[in-house]
Structure formats: C-alpha cells, structure tokens
Amino acid sequence: MTPAFATEAVDGDARTGALTTAHGPVRTPAFMPVGTHATVKALHPDEVRATGVDILLCNAYHLALRPGIELIERAGGLHAFMGWNHPILTDSGGYQLVSLAEVAAVDDDGATFVSPYDGSRLRVTPEDAVRNQARLGADVLMCLDHPVAHGTDDDAARAATDRTHRWAERCRAAHSGEGRLLFGIAQGGFDAGARRDSARFVSGLDFDGVAIGGLSVGEPVDTMLAMTEASVAELRSDRARYFMGLGTDSELLGAIALGVDMFDCVVPTRLARNGSALTPDGRLSLRNSAARDDFGPIDPDCPCAACTGFSRAYLRHLFQSGEILAHRLVSLHNITHLARLMEGARAAIRGGTFAGFRSDRDGRLRSAPR
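Here's what I pulled together on the structure shown here. (Residues numbered from 1 in each chain as written. Predicted model: local features only at pLDDT ≥ 70, side-chain atom pairs only at ≥ 80, totals over all residues. Heavy atoms only, no water.)

Unfilled space is identified by rolling a water-sized probe across the atoms. Reported here for the largest pocket is a volume of approximately 920 Å³. V34, T36, Y95, V266 and R270 are the residues nearest the centre of the largest pocket, which is lined by 37 residues in total. Contributing elements (two or more residues each) for the lining of the largest pocket: β5 (56-59), α5 (96-99), β14 (262-265) and α11 (267-273). Looking at the lining of the largest pocket, the element that brings in the most residues is α11, giving 5 residues. (1 Å grid on protein atoms, 1.4 Å probe; cavity = no way out; pocket = protein on both sides within 12 Å on 5 of 7 lines; lining within 4 Å. Points joined across faces, edges and corners; volume = space filled by probe spheres on them. Helix = DSSP H or I, 4+ residues; strand = E, 2+ residues; numbered from the N terminus.)

Read across the sheet, 3 strands follow the order β1-β2-β3 without closing on themselves; strand pairing throughout is antiparallel. Each edge of the open sheet is held by one strand with a lone partner, namely β1 (5-11) and β3 (24-28). Mean inter-strand twist for the sheet, computed between neighbouring axes without regard to direction, equals 15°. Across 6 bridges, β1 lies against strand β2 (residues 14-21) in antiparallel orientation. Counterpart to D11 in the pairing with β2 is A14. (Pairing = 2+ DSSP bridges. Axes fitted to C-alpha atoms, helices over the stretch in contact; angles between N-to-C directions.)

Every second residue of strand β13 (residues 240-243) is oriented toward a common face, with A240 and Y242 on one face and R241 and F243 on the other, all of them buried. Of the strand pairs in this sheet, strand β12 (residues 209-212) and β13 are connected by 4 bridges, and their pairing is parallel. Bridging from a neighbouring strand, G209 pairs with A240 of β13. Crossover handedness for the path β12 to helix α9 (residues 221-232) to β13: right-handed. For the crossover that starts at β13, traverses helix α10 (residues 249-257) and ends in the parallel β14, the hand is right-handed. (Buried < 20%, exposed > 50% of the residue type's maximum accessible area, 1.4 Å probe, protein only. Right-handed = clockwise from strand over helix to strand, strands pointing away.)

Within the structure shown, the criterion is met by 3 aromatic pairs. With a centroid separation of 5.2 Å and an interplanar angle of 20°, the aromatic rings of F310 and Y314 are classed as stacked. Judged by its relative accessible area of 31%, F310 falls in the partly exposed class. Exposure remark for Y314: the relative accessible area of 31% places this residue in the partly exposed category. A ring pair is formed by F354 and F357, whose centres lie 6.4 Å apart and whose planes are at 40°; its orientation type is tilted. Of this pair, F354 and F357 both sit in helix α15 (residues 354-367), 3 residues apart, which is roughly one turn of that helix. Taking the ring centre of Y117 as reference, the NZ or CZ of R66 above it sits at 3.8 Å. Sitting over the ring of F207, R172 keeps its end group 5.9 Å from the ring centre. (Phe/Tyr/Trp six-rings, centres within 6.5 Å; stacked < 30°, edge-to-face > 60°. Lys NZ or Arg CZ within 6 Å of the ring centre and 35° of its normal.)

Next up on the list: the environment of T112. Along the chain, T112 turns up in strand β8 (residues 110-114). When the C-alpha atoms of T112 and L97 are compared, they prove to be 9.3 Å apart, with 15 residues separating the residues in sequence. Within the structure, T112 has its side chain in polar contact with the side chain of R123 (distance 2.8 Å). (Polar contact = N/O pair within 3.5 Å; in protein donor to acceptor, adjacent residues only side chain to side chain.)

Running from N to C, α10 and α15 cross one another at 160°; their axes reach a closest spacing of 10 Å. The pairing of α10 with α15 is recorded here as roughly antiparallel in orientation. When you trace α10 past α15, the crossing you get is left-handed. Here D249, S250, L253, G254, I256 and A257 of α10 lie close against α15, whose contacting residues are F354, F357, R358, R361, D362 and L365. Grouping the constituent residues of the contact of α10 with α15 by class yields 6 nonpolar, 2 polar and 4 charged. (Parallel < 35°, antiparallel > 145°, perpendicular 65-115°, else oblique. Left-handed = near helix turned anticlockwise from the far one by under 90°. Contact = heavy atoms within 4.5 Å. Nonpolar A, V, L, I, M, F, W, Y, C, P; charged D, E, K, R; others polar.)

A word on the pattern of salt bridges. All told, the structure shown has 25 salt bridges when counted by the stated rule. Between R170 and D109 there is a salt bridge, with its nearest N and O atoms 3.1 Å apart. Here R170 is found in helix α7 (residues 154-174), whereas its partner D109 is found in the loop between β7 (104-107) and β8, with 61 residues between them in sequence. What makes D109 partly exposed here is its relative accessible area of 39%. The partner of D206 in a salt bridge is R239, with the nearest N and O atoms 2.5 Å apart. (Salt bridge = Lys/Arg side-chain N within 4 Å of Asp/Glu carboxyl O.)

What follows concerns the side chain of D145. For D145, the location among the structural elements is in the loop between β10 (140-142) and α7. No salt bridge is formed by the buried D145. Its closest oppositely charged neighbour is R195, at 8.3 Å. At 2.6 Å, the side chain of D145 forms a polar contact with the side chain of Q187. (Lys, Arg positive; Asp, Glu negative; His and termini not counted.)

Our focus in this paragraph is the sheet that holds strand β9 (residues 121-124). One open sheet holds the 3 strands; their spatial order is β7-β8-β9, and the pairing between them is antiparallel. At either margin of the open sheet sits one strand with a lone partner, and together these are β7 and β9. On average, adjacent strands in this sheet sit at an angle of 15° to one another, irrespective of strand direction. Pairing geometry for β8 and β9, over 4 bridges, is antiparallel.

Turning next to the nonpolar core. Here is a general trend for soluble globular proteins: nonpolar side chains tend to be buried in one another's company. Residues I256, F263 and F354 are the most contacted members of the largest nonpolar core, which totals 43 residues. By residue number, the principal contributor to this core is helix α14 (residues 324-351), which donates 6 residues. Apart from residues lying up to four places away in sequence, F263 is in contact with A30, F31, M32, Y242, F243, L246, L252, A255, I256 and M342. Core analysis: the second largest hydrophobic core is formed by 30 residues, L43, V53, Y61 and A339 among them. (Core = buried A, V, L, I, M, F, W, Y, C linked by side-chain atoms within 4.5 Å.)

So, in structure tokens, the structure goes:
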C-alpha cells in the first residue's frame, strides 16, 4: 500500500510534504486548530479555512458524550454535521486519562469515564475507539493510548507505555481501512530510552502515521524537546509524525527542526478568549491599558480580519465591554498567525533556509519587551 505521507523537501531534519486524506491533502508542517465539540470556538468553518489551515481536530470522547456518535452518524457524519468539507483528525480520548484523571479509570481492557455533563459512564476499549471515530467519519483516526502526567514514577510510566503498546496492536487489528488513516501513539514517559523503545515498537506496527504523545504536560521545554528527539529517531521517514498538544511559536519551530510534521493545540483560541494575541514579537495583551490609545493593528503584516479592519484600541474596547466580537476577531488572528508560521516554515524548508527562519523568529521573541 502506498504510504499516505510523502516528503517534498528536507532541510536538516526539518521536512515539508503532504498527507493525503479522503477529504484532501494536508500540507506539512501543519497546525490543526482544535474543534473539541465539532466547532472551533466562535468561528464559522469558512472563516477557519480562510486562515490557511487544511485540517481540524475534533475529540471523539467529548462527541460520544454529547451529542452522541449515533446522532452524528445520522446527520451524515462529522463533516456534514459541522459544515467542514476538509480533513478532520479525531482524538481518541486517551489524553483525558490525564486531563480528567479524577473522573477516569483505566484497566488493561480499556478506560471508563464519568461524563462531566450528566454523570453517566462511558466505557471505551481500543476497539471502541477505532470504531467510534470511523462512525464519526474522520479522515485520521487515533489509537487509544495511556499517557501519564509529568512526575509519574518510572514503574507507572512503564506500565502505561506497555498498555499503550497492547492497545495499539488491538486498534490496528480493529481498523477496517475504508479510506481512513490510523495513527499510532508512542509514549515512554520522560526517559529517553523508553521513548526510543516505544517509538520503535509503534512504528513497527505500520500505521499511517505515529504521534508523539504524553508530552507538553508540564515538563520543562528542554525535557520535552529531548524526549521528542529520542522519539523521532526511531520513527519511519515515510510516515507522518504528529506532536500532540503543542501551539507556541518557539516550541513548534523546535519540534519542526527535529522532523515533526503535525501539531494541534487549544492555545490560539484559549488565549484569544482571554484577550491575548499571538505576534512575531510574542504575546500581546489587549486588555492592558497600553492598548487603550493604540490605533495600530495587532500585526501590520497579518492579513486577517482583525488586523486589516480594526485597531488594538478597538479590540481592547470590545474586551472591556464583554463583546463576543473580540473573541471572534482575536481567534481568527491567532489561528492565522500559526497558519502563516507553518507556511513560512514550509517555504523555508523548501528553500534550504529553515535554520535562519527559526533563528530570526526566535530572536524576535527573545528581544521582545516583557
């Protein structure tokens, strides 16, 4: 079978290419905005597409709880239900074993969650995870995995990684194909040797791509990048590599430099709702009094609706007044910012100038006033 991922150009370990899906190609490196509940918060799908992104992430765990897999299936699948006729990747719910640990229980057969909405119980096995995502109609399905929080002891991390491997084998066996891609997830805690071993094992199962899971969960950035490097060293070059949960400029560029292709994070929209805009010079707080008399745009080089039509002073006024337009405009800006960062990285890799591109961007961030 022809791999779904193809590399176009390489610069050092950084690479650019494309992932082929049933709903179109995904240009890599790629940032995926998060639409947990089948929507990128406050934005119309056409607006999201216009930012330059190719693919969204939705969460099968949350959608199974509300509105339910069966309803989305009757609606014609996730693409029709949410009005997004482009690639979709669905997360299996493994991350919720960390983020919702107080209402989740895990055993060798699967995971049991208590709904944060109505207290009902949701049982998910590896086979359920694959079938549910296929029923949603996602283009890229993720294996169920068992990540651990930073600070977990070595024995617990090892047990979770072993469980992730067994679940990966079961997910692989349950995957019927039908034009959908299946990504495995490598774990390994915070030990470089365990990371390499896990990446080697999962890569050997011949998934369409492999995610590096269980990082960006509170560990130091140097540790995160070291664990990423250890993982990537054992992953196949003809498969997509996906870092789960990364969304800040410097860290994204650091992971791209190591050979990672895909990313997702809630950061751009969460920051927007809190009044922070992403810029090449770092985060800009639009709630600060300094923005009150600033009639310039967030970023004069940005083509988004916020930057081409409104000033920082106006956006601050919207936040101060509690107007939802503030969330919409800054969300559009933040997603556009990361989409343009990916576009710049792709162009730099093709031109053999990625190291300089990264150095320039990191230099601006370091020199920005705090």
